[in-house]
Structure formats: structure tokens, C-alpha cells
Number of protein chains: 2
Amino acid sequence: MSDNALKEILNPRSIAIFGASNNPLKMGSIHLLNLLTSNYKGKIYPVHPREREIFGIKAYPSVSELPEAVDLAMIVLPTHLVAQFMEELGKKGVKRAIVISAGFKEIGEQGAQLQERLIQIARQYGMRFIGPNCIGVINTAIGLNTTFFRYSHHPGRVGLASQSGTYVTQILPYLERHGIGYSKAISLGNEADIDLVDALSYLADDDQTYAIGLYIEAIRRGREFLEVAREAVLKKPIVALYVGGTEAGKRAGKSHTAAMAGPDLLYDGVFKQAGIIRAPDVQSLFDWTWALACQPPLKGPNIAILSNSGGPATSMADAAIKWGLKVPEFPPELTREIAQLIPHTGSPQNPIDITFEMDFTAFAAKIPALLLAKDYIDGLVIYGLFGSSFQESVFSAARHIVKLDLSYLEKISQAAFEQFIQIPPKYGKPVVAAALVGREDDFVRGLQDNNIPCYLTPERAISAMSVLYKYYLIKNKFTKRTALKGTNAIYH
Amino acid sequence: MSDNALKEILNPRSIAIFGASNNPLKMGSIHLLNLLTSNYKGKIYPVHPREREIFGIKAYPSVSELPEAVDLAMIVLPTHLVAQFMEELGKKGVKRAIVISAGFKEIGEQGAQLQERLIQIARQYGMRFIGPNCIGVINTAIGLNTTFFRYSHHPGRVGLASQSGTYVTQILPYLERHGIGYSKAISLGNEADIDLVDALSYLADDDQTYAIGLYIEAIRRGREFLEVAREAVLKKPIVALYVGGTEAGKRAGKSHTAAMAGPDLLYDGVFKQAGIIRAPDVQSLFDWTWALACQPPLKGPNIAILSNSGGPATSMADAAIKWGLKVPEFPPELTREIAQLIPHTGSPQNPIDITFEMDFTAFAAKIPALLLAKDYIDGLVIYGLFGSSFQESVFSAARHIVKLDLSYLEKISQAAFEQFIQIPPKYGKPVVAAALVGREDDFVRGLQDNNIPCYLTPERAISAMSVLYKYYLIKNKFTKRTALKGTNAIYH
């Protein structure tokens with residue numbers, strides 16, 4: 001896919017931006033300010049009819065006076081001005097654009113005509129563009145963020161193609177808070193030119209992207225989508241949230257991005273044929289893509305559950321069965337080994353409840369290693385690995401009354417963490433965690449930053465683990481099909 | 001239920017605690033320290049064979065030397081000492097206890113015998129107790145917290161009865177972070193004496209509790225549970241998470257709290273007959289109980305959806321249908337009115353997308369009031385009410401480059417907030433919000449603290465709204481049944 005038009009859009013050496021001024025509250029200005037304060041190292045040229053400088057950098061009065069045919073144009077102009085500037089850009093030799101401006105096909109017939117005009121201009125000059133009515137792209141590998149929301153988290157492994165700008169922008173604080181990082185994110189808007197299929201194809205080939213998330217209101221090129229997805233899924237997992245399958249969703253999608261959606265069952269079929277895992281909501285879309293991007297597939301349904309508490313142990317065991325996994329009973333020799341490491345009030349059977357009065361080294365290192373070494377255990381879900389927030393919740397009261405030096409507890413927690421993160425890579429089996437606390441806890445933050453997804457509730461961890469198994473089955477199935485196709489097409 | 005034994009346990013004038021010492025890292029000490037730093041105003045008597053003072057307050061060498069027969073005894077002693085102290089307490093005339101110590105029926109035959117002994121002692125002396133193997137209770141009305149986790153949030157409306165201590169303790173930071181407050185929380189442990197039925201009955205009669213959440217591994221008294229629940233549900237909604245329905249869940253529950261669970265389908269039937277809404281996971285348990293505790297029932301399936309962005313509008317519309325709600329098309333006169341308040345790039349049809357370039361007063365006040373006044377709209381779900389976090393995400397970049405005084409934006413946001421929170425109570429219809437940001441945002445925090453649940457994803461808000469409809473239907477059904485029973489029992 002070396003000819004994918006998104007390649008230049010996500011890796012521009014120079015950007016011209018239209019619609020920014022020295023008024024920092026205008027949309028275009030916010031996009032520019034965000035670009036200027038990101039880590040993007042390429043050249044940035046604001047274009048404005050009157051301003052000579054915008055936020056301290058030189059502005060250019062017109063397209064023709066730009067010093068070069070930039071790699072990318074970002075257009076945040078009023079609707080009626082877009083076509084004119086697209087044409088000037090075409091004449092200048094600019095080949096890529098992001099049209100952020102809205103008011104096109106999504107608002108009805110008049111907008112549809114304007115959108116048609118953009119397509120014609122692009123064809124005439126050999127331009128390719130995203131939008132209109134989109135929010136642009138993020139490429140964390142080069143610090144590029146054309147949106148108006150700050151990207152604060154470190155670069156990640158999740159690639160997103162979205163027919164909603166919100167799930168590229170307003171979602172950023174949510175993702176940061178959950179420890180999820182984007183590799184690339186692409187807001188597609190009305191898809192007048194570049195569409196979901198292009199984005200999927202791009203992300204499939206992107207080395208920084210380990211799993212792909214799709215937010216879909218409608219697929220405009222069904223056959224091509226299926227073809228591209230079936231190849232992509234051999235390389236990396238794909239999770240899709242489709243919201244156009246009900247009458248209300250369809251109506252909303254139409255006025256949002258002019259999408260013509262189809263019934264849920266049809267899309268179910270498409271996703272199944274494509275090897276795409278369907279998410280029921282935004283939360284699952286990101287929970288699942290995150291796990292798939294960070295952890296290896298689960299090569300069998302048998303998981304071990306390890307918890308510092310009976311409630312989550314029980315919830316997780318029950319949820320595992322409901323999510324299609326198995327929680328096999330351990331053979332007596334293993335329960336005996338575990339029993340020696342936990343208090344007598346705990347349970348050494350699967351799910352293991354080591355109870356709250358625990359030996360942190362047993363919990364975080366010895367037992368996980370013991371479990372992952374067994375060939376009848378395919379993966380591990382662990383509840384209760386937390387440090388600083390626990391000390392805060394449990395000992396802050398104490399500190400009012402007694403002088404309590406908790407630094408040795410911090411050391412124990414830190415040592416346990418160091419031991420724990422060595423373990424998963426050793427066994428090549430997936431490990432997923434849950435904690436009821438987020439990144440405010442140092443242990444949780446450490447897990448997440450070391451590619452061990454840690455979720456806010458026990459069941460979310462289980463559902464993520466179940467998806468690691470789903471992808472294993474999908475990949476197997478599609479690999480066999482492809483092999484079959486290669487050897488004897490007649491049976492395919 | 002004036003004879004409910006939990007009344008004194010949740011409202012003790014005096015507490016004796018066993019197992020605390022001057023070592024602040026011992027379990028009993030942490031319980032005591034937490035109690036001492038809570039807002040509880042009653043008397044606290046530590047009992048210890050050798051210490052004369054514990055954390056600065058007088059300690060008593062034995063039960064017999066306690067200055068009074070306390071209202072409540074908290075026992076955090078090693079397993080083998082519990083029976084002996086229970087007996088001494090009985091002799092002293094103490095009538096209520098919380099047995100936090102574990103190592104009883106949940107660990108097998110030997111523990112079961114010890115537990116039986118506790119029951120006999122209690123019967124002999126007319127004592128009632130929670131536990132063993134529990135974590136105690138929280139009563140935010142009087143600042144009582146017998147657990148070892150800090151309760152930092154303000155008193156709330158959610159009452160919880162739980163067969164897991166974790167969902168009373170380790171869940172606290174999670175609840176605080178989500179803006180959810182407990183009225184009362186009761187950890188039941190092994191239920192040797194006081195059980196789920198007692199707790200449900202207590203919470204049903206508790207004025208501070210507006211909705212009841214249940215975490216269940218097994219129901220030990222089925223018939224009584226059903227009777228109590230059917231009466232309770234006429235007063236307030238009940239949501240239950242049951243995790244004992246699979247083989248793995250059953251096994252885990254048995255080793256956790258010695259529970260003998262039954263199949264999922266059986267419990268489905270019990271919940272249906274009892275008018276209890278069944279939650280699939282911990283997240284839903286609290287999301288739903290929260291909404292039910294804060295908002296009135298949804299008296300019809302027709303909701304309006306209002307969003308600052310097309311993606312969430314579409315996701316919510318689609319989710320609403322899947323959750324059994326309706327997103328009716330607005331009549332032309334309403335869309336015309338709305339169209340005048342939003343940009344031309346927005347959509348004035350249900351779901352309304354007012355787009356990001358919005359008039360905050362229209363979004364937060366005019367349109368909500370317009371919608372809730374219509375008799376064909378039963379409730380409102382709104383996405384995008386946020387303030388400080390948005391300014392942070394969008395303008396923090398700008399502040400590096402330009403001096404930007406955002407105080408006027410804060411004022412607009414604050415004014416919009418003040419207008420918005422006046423609206424829902426006026427119409428008596430439920431309003432639920434979603435934001436992708438949490439309490440770090442001032443607007444979100446304000447919503448939550450004014451009893452408008454605000455969820456982290458669009459679909460969670462929709463599912464909460466659907467439960468407000470479910471409870472409306474349940475209450476109607478049960479009220480009719482009760483009326484029927486009163487007038488003509490023969491048809492019942």
C-alpha cells in the first residue's frame with residue numbers, strides 16, 4: 001500500500017494552515033496553536049489575507065505566495081471559501097489536504113453540491129484529501145496533531161480510524177486517564193475522497209500500530225472494505241464499533257457525516273467475514289483494542305485468576321465463563337504449592353484469593369510465575385496490584401495520629417512491581433489486570449506503561465482477555481483460509 | 001422493621017474494638033485508626049490485654065472491665081480467639097457485634113464448626129452479629145466507618161448490601177472518582193447470623209437510601225428474600241449483581257463466603273419475581289443504582305438526545321434503541337425552534353448535534369428546557385457539558401504562546417451551569433449526562449454533586465436512562481399487584 005494517500009498526510013514535511021488568525025479563540029487559531037505547541041518538527045505556514053505574523057510566525061497572504069508546494073494543507077475556513085482555496089492549492093501543486101470545515105453533504109442538498117465541487121477540484125489537480133467535516137489526524141511518532149485537542153499521553157500502539165472527530169479529540173483525556181496511547185488517529189468526516197478503507201489499509205501497514213480500532217457510522221465501499229480487512233487481520237487485530245444499525249443511529253449518522261448506514265445484521269455479517277471483532281460501545285472499543293495492542297493472543301480458553309480479595313475473584317470467575325473462557329480447577333500439586341504461599345484464610349484453588357493480608361512477593365511474582373509456567377494455563381488475569389493509592393486509602397487516617405514511615409511499604413511495592421513486570425514476557429502468555437483505581441496509583445501506572453493493560457473493574461479485564469482469545473481463533477481461521485487459497489483455490 | 005438488628009449496628013453510641021494495638025500496621029489497628037479519624041462521634045473503647053493506651057485513647061484490659069455494655073463490638077482477632085471473646089461479650093450484656101476475623105466456614109469443615117460455635121453463643125446471649133469474614137459497615141449519616149478504607153466522598157444516596165468486603169472498601173476510591181456516595185454500606189461476610197435479607201430490609205426502610213445495590217454470591221433464605229424484596233421495591237429500586245450462577249462463580253463463592261449458589265436461570269427468575277433489576281457487572285451495578293438513587297423514573301420510552309458532537313449523538317441514539325428506549329423524530333415546529341439556536345452545520349433533529357461551535361446558553365439551558373417541556377419527551381440524555389477540562393485540553397497550548405485570559409470563558413461556563421441545574425427539577429423528568437471526562441472537570445463535578453449522574457461514556461448514560469424506565473415499569477406492575485391483593489385476593 002505504498003501509494004496510500006494517507007502516508008503524506010500523516011508524515012508531512014510542511015503544512016499550510018487556512019483559517020488561523022491572531023484571535024486565539026477562533027477554531028483555526030486553536031488548531032494552529034495546538035500544532036505549534038506539539039512536538040511536530042516540520043514547517044508551518046499560516047495563510048491569511050491581512051495578518052503578516054500569526055502567534056509570532058510569518059504568515060502568507062495567499063497560496064501563490066507560499067514558498068513551496070507544501071506536503072499538506074489544513075483548511076479551517078468558512079464553508080463557502082473552501083472550494084476556491086482548494087483550487088488555488090491545486091494550481092500551486094499541493095497534493096494533500098485536510099478539510100476541517102463543515103457544512104457540506106451532512107447538511108443536505110446544497111452542501112452535497114459544494115462537496116461534489118471539492119471532489120472535482122481534487123480530481124482535476126491530482127489532490128487527495130480527508131474530510132470535509134473532519135478534525136484531522138494525529139501521528140504520535142512525529143508529534144503531529146492537527147486537531148484542536150491536546151495530546152498529552154506518550155505515543156502508544158492503538159491506531160484509530162473514526163467517522164467521528166470526537167473519538168479522535170474529546171476522547172483524548174479519557175484515553176490518557178486510562179493509560180491508552182494512540183499510534184495514529186484519523187478523523188474521516190464525510191469521506192468525500194479518502195475513506196475508511198484507505199485508513200484501514202494505512203493502519204494495517206503502519207509499524208507503530210499494533211491493533212486497529214474503527215468507529216463506523218457507515219461503510220461506503222463494502223467489497224473493498226472486506227478485502228482490505230481480511231488481509232489486515234492476518235497482521236493485526238481489528239475492533240469495530242458500528243452505530244448505524246438502528247433507525248435512530250442511521251438517522252443520526254446521516255446528519256452527522258452524510259453516511260448511509262445498513263442494518264445491524266448485515267454489518268454483523270460483514271465483520272464476521274472480515275475477521276473484525278465488533279465492540280458494543282466506545283468503552284469496549286478502546287478497552288479491547290488496547291489489550292490487543294499490548295498483549296499476545298490467548299492461545300486457549302483456560303485462564304488463571306489471581307486476586308487479593310474474594311469478591312473480585314468470584315466476579316471474575318463468573319464473568320470469565322460468560323465471556324467464553326474457562327477457569328479450570330488446578331491439580332492438587334499446584335494448589336498445595338500455592339497454599340504454602342498464602343494465608344490459611346485464602347483460597348489456593350482457581351480463582352485464587354490470597355486475601356488482603358498478603359505477602360506481596362508471593363502475590364506479584366511467585367504465584368504468577370508458577371501459574372504461567374503451567375501448560376494447562378493459557379493466560380492470567382490479576383486483580384489487586386496497587387501501591388500508592390492503597391497506602392493513601394488505608395494509612396492516611398493513621399498518619400493523622402501516629403507518625404508512620406511508609407517508605408518501606410513503598411519499597412516493598414516497588415520491588416514487587418519490578419519483579420512482576422519481568423514475568424509476562426518470559427512466558428509469552430497474555431496477562432491483564434484490574435484494580436478499581438487508575439493511574440493515580442503508581443503500580444497501576446507502571447503496569448500500563450509497561451504494556452500490561454489494567455482496567456477499572458474486574459469484568460472489564462475479563463472481557464479484554466476474552467477478546468485476546470477471540471483474535472487467536474480469528475487469526476487461525478484466516479491463516480488457514482489464506483493457506484488453502486494459496487495451495488488449492490478450488491476448495492476455497 | 002423496627003426490630004432490625006442492623007439498626008444498632010449502624011447507629012451505635014459506643015463501640016468496643018478487639019484486635020487493635022499500638023502497631024499501626026496490624027489490621028485491627030488500621031480499623032481503629034480509621035474509626036478515630038472518621039466523623040463518628042460515639043465512644044470508642046479499644047480492648048487489649050497489655051496496652052493501657054492505644055493511639056492516645058484509653059484501652060481496657062478485658063471485656064469485664066469495660067465501663068458499659070457497649071452498643072457494638074468489633075472483633076478483628078485471630079480466628080481461634082473469637083468465640084471466647086464473643087462469650088465474654090455475651091456475659092457483659094453486649095447485644096451487637098461485627099466479626100471481621102476470617103477462617104470460618106469459608107475454609108472448610110473445621111472453620112464451619114468454629115462458626116457454629118459463634119452462632120450458639122449469640123443465641124445463648126441474645127446477640128446479633130454480622131460476619132464472620134466481613135469488613136463491617138459504613139453509615140455516612142453519622143460518619144461511621146468500621147472498615148479499614150477511608151471514606152472521602154460526601155454522604156450519598158446509594159445503599160449497598162454486599163457479600164464481598166471489597167465492594168464496600170476497595171471500591172471507595174472508584175466510587176469517589178465517579179461521584180457516587182454511599183448512604184449505608186454493609187459487608188455481610190459468611191452471614192452466620194445477619195444476612196442479605198436483613199440488610200435489604202434495613203435499607204428498604206432507611207430514609208437516607210434512595211436506591212439499593214446488592215452484590216450476591218448466594219441467597220441463603222430464598223422465600224424471605226422474595227417477600228422482603230417485593231415490598232422494598234415499592235419504596236425504592238433494587239439492583240443486584242449475582243455472580244454465583246456459573247460453575248466457576250459458584251466454586252469461588254463457596255471458598256469466599258461459604259455460599260451455596262444456584263444456577264443463573266433460577267436467580268433470573270427470583271430477581272424478576274422480586275422486581276429486582278439484574279446488573280451484568282460491578283460497573284453497571286453502581287452506574288444503575290446511582291442513576292436510580294438520583295433521578296425520577298422515566299415514565300415512557302421516549303428520550304431526547306442532545307450533544308455537542310455528532311459521534312456521541314449517533315452512538316447514543318443507536319445505544320438507546322438497543323437498550324429498549326425510543327428516540328422519536330421531532331415534529332417540524334420543534335426542529336425549527338431548535339434550528340434557530342444552533343449553527344447551520346448542526347442537526348436540529350433528534351438526536352440533536354449542536355456542533356462544537358456552540359452557544360453555551362442554548363446548549364445548557366434553552367434547548368433542555370424546550371425539550372423537557374414537551375409531553376412527547378419523557379427524559380433527556382445530554383453529552384458534552386464540561387468546563388475546566390475542556391479549557392485545559394483546548395487552550396493550554398495557546399497559553400504557552402499568547403497571553404490568554406480565559407476567566408470570561410469560565411464565567412460563561414459557570415453561568416450555563418447555574419442555569420442548567422435549575423431545569424431538571426422543574427419538569428420532574430429524568431436527566432442523565434455523559435462527558436468522557438470525570439470530576440477533574442468543574443461542570444461534571446457540579447452535575448454529579450447536584451444529583452445529575454454524569455458518566456464517562458455516552459452508552460453508559462443511555463444504559464442508566466434505560467434502567468430508569470425499567471424501574472418505572474416494575475413499580476407500576478408491583479403497585480397494581482399489591483392493590484389487587486388488597487381488594488380481591490382471589491384473583492391474585
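Each remark here, short or long, concerns the structure printed above.
Just so it is clear, the structure is predicted and the values come from calculations on it, not from any experiment.

A.B. asks: Help me understand a nonpolar patch on the surface in this model?
C.D. replies: A contiguous nonpolar surface patch, about 240 Å² in accessible area, is contributed by Leu25 of chain A together with Tyr408 and Ile412 of chain B. With respect to the element layout, Leu25 of chain A can be found in the loop between strand S1 (14-18) and helix H2 (27-37).

A.B. asks: Would you take a moment to explain the relation of the copies chain B and chain A for this structure?
C.D. replies: Put simply, the two copies of the chain differ by a rotation about an axis and a shift along that axis. Under the fitted operation, chain B is carried onto chain A by 0.0 Å of movement along the axis and a turn of 180 degrees, and the coordinates agree to an RMSD of 0.0 Å. In the structure described here, the two chain copies are related by an operation that fits a two-fold rotation axis. A shared binding surface is used by both copies, with 100% of the interface residues of chain B retained as interface residues in chain A.

A.B. asks: How should I be thinking about the sheet that holds strand S13 (residues 238-242) of chain B in this particular structure?
C.D. replies: Strand-to-strand pairing in sheets goes through backbone hydrogen bonds, with the strands running parallel or antiparallel. All names here are of chain B. The strand order S9-S8-S11-S10-S12-S13-S14 describes an open sheet built from 7 strands, whose pairing is mixed. Every other strand in the sheet has two partners, leaving strand S9 (144-145) and strand S14 (277-278) as the edge strands with one partner each. Inspection of the sheet shows strand S10 (residues 158-162) paired to strand S11 (residues 182-187) by 4 bridges, in the parallel sense. Across the sheet, Ser162 pairs through a bridge with Ser187, a residue of S11. Together, strand S12 (211-216), S13 and S14 form the strand contacts of helix H9 (residues 264-274), whose direction differs from that of S13 by roughly 175 degrees.

A.B. asks: Any chance you could explain the side chain of Thr314 of chain A here in plain terms?
C.D. replies: Here Thr314 of chain A shows up in helix H11 (residues 310-322). For Thr314 of chain A, a relative accessible area of 0% gives the class buried. From its side chain, Thr314 of chain A meets the backbone oxygen of Gly310 of chain A in a polar contact 2.7 Å long. Apart from residues lying up to four places away in sequence, Thr314 of chain A is in contact with Tyr215, Glu217, Val243, Gly249, Ala252, Gly253 and His256 of chain B.

A.B. asks: Hey, could you run me through the environment of Glu191 of chain A in this one?
C.D. replies: All names here are of chain A. Mapped onto the elements, Glu191 comes out in the loop between strand S11 (182-187) and helix H6 (196-205). Measuring from C-alpha to C-alpha, the distance between Glu191 and Val381 comes to 40 Å, with 190 residues separating the pair along the chain. Every residue in contact with Glu191, bar those within four places of it in the chain, is listed here: Gly131, Gln163, Leu196, Ala218 and Arg220.

A.B. asks: Would you mind showing me how to read the sheet that holds strand S1 (residues 14-18) of chain B here?
C.D. replies: All names here are of chain B. An order of S2-S1-S5-S6-S7 is seen for the 5 strands of this open sheet, with the pairing classed as parallel. At either margin of the open sheet sits one strand with a lone partner, and together these are strand S2 (43-47) and strand S7 (128-130). On average, adjacent strands in this sheet sit at an angle of 20 degrees to one another, irrespective of strand direction. The sheet strands contacting helix H3 (residues 82-92) are S1, strand S5 (72-75), strand S6 (96-99) and S7, and the helix crosses S5 at an angle near 170 degrees.

A.B. asks: Whenever I open this one, the pairing of S1 of chain A confuses me. Can you help?
C.D. replies: Strand residues, when the strand is regular, have side chains that alternate between the two faces of the sheet. Residues and elements named next belong to chain A. Taken across its 5 residues, S1 has 5 buried, putting it largely inside the fold. Of the two faces of S1, the one lined by Ser14, Ala16 and Phe18 and the one lined by Ile15 and Ile17 are each fully buried. Sheet analysis places S1 next to strand S2 (residues 43-47), joined by 5 bridges and oriented parallel. Within the sheet, the bridge partner assigned to Ile17 lies in S2 and is Pro46. Remark: the S1/H2/S2 crossover connection has right-handed handedness. In this sheet, strand S5 (residues 72-75) lies alongside S1 in parallel orientation, the contact comprising 4 bridges. Residue Phe18 lies in a different strand from S5, and its bridge partner there is Ile75.

A.B. asks: Could you clarify how one ought to interpret the interface of chain B and chain A in this entry?
C.D. replies: Many analyses report the size of an interface as the accessible area lost when the parts associate. Tallying the contact residues gives 95 residues for chain B and 95 residues for chain A. In total, chain B and chain A occlude about 7,100 Å² of area from one another, counting both sides; carbon and sulfur atoms represent 63% of this. Linking chain B to chain A there are 7 salt bridges. A salt bridge links Arg177 of chain A to Glu440 of chain B, with the nearest nitrogen and oxygen atoms 2.9 Å apart. Residue composition of the side of chain B that touches chain A, grouped by class: 47 nonpolar, 32 polar and 16 charged.

A.B. asks: What is the right way to read unusual backbone geometry from this model?
C.D. replies: All names here are of chain A. The step from Gly131 to Pro132 runs through a cis peptide bond, and the omega angle for that step is -5 degrees. Considering the arrangement of structural elements, one finds Pro132 in the loop between strand S7 (128-130) and strand S8 (137-139). Of note in the backbone geometry, Phe55 takes a positive phi value of approximately 45 degrees without being a glycine. When you line up the elements, Phe55 lands in the loop between strand S3 (53-54) and strand S4 (57-58). What makes Phe55 buried here is its relative accessible area of 10%. Phi at Leu436 is positive, roughly 65 degrees, even though this residue is not glycine. Structurally, Leu436 can be placed in the loop between strand S18 (431-434) and helix H16 (442-449).

What counts, and at which threshold
Residues numbered from 1 in each chain as written. Chains lettered and ligands numbered in written order. Predicted model: local features only at pLDDT ≥ 70, side-chain atom pairs only at ≥ 80, totals over all residues. Heavy atoms only, no water. Patch = residues over 30% accessible without salt bridge, like charges linked within 9 Å, V, L, I, M, F, W, Y side chains within 5 Å. Areas by Shrake-Rupley, 256 points an atom, 1.4 Å probe, with all protein chains shown as cover. Salt bridge = Lys/Arg side-chain N within 4 Å of Asp/Glu carboxyl O. Helix = DSSP H or I, 4+ residues; strand = E, 2+ residues; numbered from the N terminus. Least-squares fit on C-alpha atoms with pLDDT ≥ 70 in both. Contact = heavy atoms within 4.5 Å. Pairing = 2+ DSSP bridges. Axes fitted to C-alpha atoms, helices over the stretch in contact; angles between N-to-C directions. Buried < 20%, exposed > 50% of the residue type's maximum accessible area, 1.4 Å probe, protein only. Polar contact = N/O pair within 3.5 Å; in protein donor to acceptor, adjacent residues only side chain to side chain. Right-handed = clockwise from strand over helix to strand, strands pointing away. Buried area = accessible area lost by both parts, 1.4 Å probe. Nonpolar A, V, L, I, M, F, W, Y, C, P; charged D, E, K, R; others polar.

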